[in-house]
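What follows is each chain in one-letter form.
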Amino acid sequence: MVRAAVRAFRRAHPEVGDEVCVALSGGADSLALTAAAVTEFSAVTALVVDHGLQAGSDEVARDACRAAERLGALSRGLVVVVDPDGSGPEAAARTARYAALDAAREGRPVLLAHTLDDQAETVLLGLGRGSGARSLRGMAAWDAPWGRPLLGVRATDTRAVCRALDLDWWEDPHNVDPAFTRVRLRREVLPLLEDVLGGGVAEGLARTAELLRVDDDELDSLATSVPVSGDGGLDVSVLEPLPTAVLTRVLRRWLLAHGCPSPTYAHLTAIAALVTDWHGQGGVAVGGTGPAEPGVAGDRGRLVARRRHGRVVLEIDRASGAGT
């Protein structure tokens, strides 16, 4: 089943090419993916990241490299330094891992071993947090340079492949640590839902992601066609007729393009009100400081969205605290 999934992925995405990298942790999912990849691609390099967060992680990485070579892949170990930077160890490790993989891939795509189980957990997390379609659409099978051929494969299937090939896999102790939300979802919440709803929950959540991805892509396409004026402002007369689902996507794209790194639901709804519920309210502070300005260093102020003369514009309020 794993090999069939990889073959179907390659057929669906010919732009991936003949030479790929595989992000190999030494776990069952990534070992099964590596084994399938070497049969379906002409050249495979396993990239093994050692985060250095656990005792013996260097030996785990060496074992993974040796396993990849036995399967017929080249291997390359990557040692990274994880800087928590306030985001938590899991997020910081993910950031460091992706940066290392991107630097080492040398223009080739990287296959990641996320399974249907991972997809279901992602959607369930989004549901619990009240996220919109952008989060609930889950992970994409192909988001260059990252490929995820196993999104339709259960983790039980990857373990079956490893047993059939006599591959010993590493069990990450973090995967059973209840301190991590995903672990409790996997070990407690999803099994309970499967029991209460009579099975098929993980598949249903993954199918929800697939359906939402189609809808979200179409709404994004509509939002992309909305014009922005030459000075970066948005005309209220253009925005007013838009359905809310399109309007919020226009605003999100606009904020990202103008220096707001992570627009929130609160930002988007407050700015949308400048269009749809205008009654003279003040500006909306959106985070970020706008695009860099030549000759301006240090704290340049905060980025604020305002309605002025029938347009929604972004302005920088200087650090003095001026503005609303």
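Each residue is numbered by its place in its chain's sequence as written, counting from 1. With pLDDT at 70 or above as the cut-off, local features in this predicted model cover only qualifying residues; side-chain atom pairs require 80 or more to be listed or tallied, and sums for whole chains, interfaces and linings still use all residues. Note: side-chain values were computed over all heavy atoms of the structure, leaving out hydrogens and water.

**As for the pairing of strand β1 (residues 19-23)**
For step 1, the next point in the chain: With 4 of its 5 residues buried, β1 lies for the most part within the structure.
For step 2, the next point in the chain: Look down the strands so they point away from you; if going from the first strand over the helix to the second traces a clockwise path, that crossover is right-handed. Here a strand is any run of E in DSSP of at least two residues, a helix any run of H or I of at least four, and the numbering for each starts at the N terminus. Following the chain from β1 across helix α2 (residues 28-40) to the adjacent parallel strand β2 (residues 43-50), one finds a crossover that is right-handed.
For step 3, the next point in the chain: Pairing of β1 with strand β4 (residues 110-111) involves 2 bridges; the strand directions are parallel. Along β4, the bridge assignment pairs Val22 with Leu111. Only protein chains enter the accessibility calculation, which uses a 1.4 Å probe; a residue is then buried when its area is under 20% of its type maximum, exposed when over 50%, and partly exposed in between. DSSP-based pairing: two strands are paired if at least 2 bridges between them are found.

**Regarding the UniProt feature "binding site: ATP" (unreviewed entry) in the chain**
For step 1, the next point in the chain: UniProt positions are given in the numbering used here, feature names are shortened, and annotations may be inferred rather than shown by experiment. Here, the residues flagged by UniProt with the feature "binding site: ATP" (unreviewed entry) are Ser25, Gly26, Gly27, Ala28, Asp29 and Ser30.
For step 2, the next point in the chain: Accessibility expressed as a relative area gives 37% for Ser25, which makes it partly exposed.
For step 3, the next point in the chain: If near-sequence neighbours (up to four positions away) are discounted, Ser25 is found in contact with Ser30, Val60, Ala64 and Trp170.
For step 4, the next point in the chain: On the secondary structure map, Ala28 appears in helix α2. Whether two residues touch is decided by their heavy atoms; if any such pair falls within 4.5 Å, the residues are in contact.

**What to know about the sheet that holds β2**
For step 1, the next point in the chain: Here we have 6 strands laid out as an open sheet, ordered β3-β2-β1-β4-β6-β5, and mixed in their pairing. The open sheet has two edge strands with one neighbour each: β3 (74-79) and β5 (142-143).

**What to know about unusual backbone geometry**
For step 1, the next point in the chain: With an omega of 5°, the peptide bond between Ala144 and Pro145 qualifies as cis.
For step 2, the next point in the chain: Mapped onto the elements, Pro145 comes out in the loop between β5 and β6 (146-147).
For step 3, the next point in the chain: Backbone geometry at Glu106 places phi at a positive 55°, although glycine is not the residue there.
For step 4, the next point in the chain: For Glu106, the location among the structural elements is in the loop between α4 (89-104) and β4.

**Re the sheet that holds strand β8 (residues 284-285)**
For step 1, the next point in the chain: Spatial ordering of the open sheet is given by β7-β10-β9-β8, a layout of 4 strands whose pairing is antiparallel. Each edge of the open sheet carries a strand with a single partner, namely β7 (234-235) and β8.
For step 2, the next point in the chain: With 2 bridges joining them, β7 and strand β10 (residues 311-317) adopt antiparallel strand pairing. Note that in β10 the partner of Asp235 across the bridge is Arg311.

**Re the confidence of the model for the chain**
For step 1, the next point in the chain: pLDDT measures the predictor's confidence residue by residue and takes values from 0 up to 100. On average, residues of the chain carry a pLDDT of 89, and 93% of them reach 70 or more.
For step 2, the next point in the chain: Contacts from residues 320-324, a stretch scored under 50 in pLDDT, to residues over four places away or in other chains number 12 contacts.

**Looking at the packing of aromatic side chains**
For step 1, the next point in the chain: When the centres of two rings from Phe, Tyr and Trp lie within 6.5 Å, Trp using its six-membered ring, the rings pair. Their planes under 30 degrees apart give stacked, over 60 give edge-to-face, and anything left gives tilted. Under the definition given, this model contains 2 aromatic pairs.
For step 2, the next point in the chain: For the ring pair Tyr98 and Trp146, a centre distance of 4.9 Å and an interplane angle of 80° mean the geometry is edge-to-face. Linking Tyr98 in helix α4 with Trp146 in strand β6, this pair joins segments that are 48 residues apart in sequence.
For step 3, the next point in the chain: On the accessibility criterion, Trp146 (12% relative accessible area) is buried.

**Side note on the pattern of salt bridges**
For step 1, the next point in the chain: By definition, a salt bridge exists where a carboxyl oxygen of Asp or Glu is found within 4 Å of a side-chain nitrogen of Lys or Arg. Following the criterion strictly, the structure yields 25 salt bridges and no others.
For step 2, the next point in the chain: The salt bridge involving Glu106 is made with Arg108; its shortest N-O contact spans 3.4 Å.
For step 3, the next point in the chain: A relative accessible area of 61% means that Glu106 is categorised as exposed.
For step 4, the next point in the chain: Relative accessible area serves as the criterion here: at 17%, Arg108 is assigned to the buried category.
For step 5, the next point in the chain: Two residues, Asp317 and Arg306, come together in a salt bridge whose shortest N-O distance is 3.0 Å. Residue Asp317 is located in strand β10, and its partner Arg306 is located in strand β9 (residues 302-308); the two are separated by 11 residues in the primary sequence.
For step 6, the next point in the chain: Classification of Arg306 as buried rests on a relative accessible area of 10%.
For step 7, the next point in the chain: Within this structure, Arg134, Arg137, Asp216, Asp217, Asp220 and Arg249 form a network of salt bridges that share partners.

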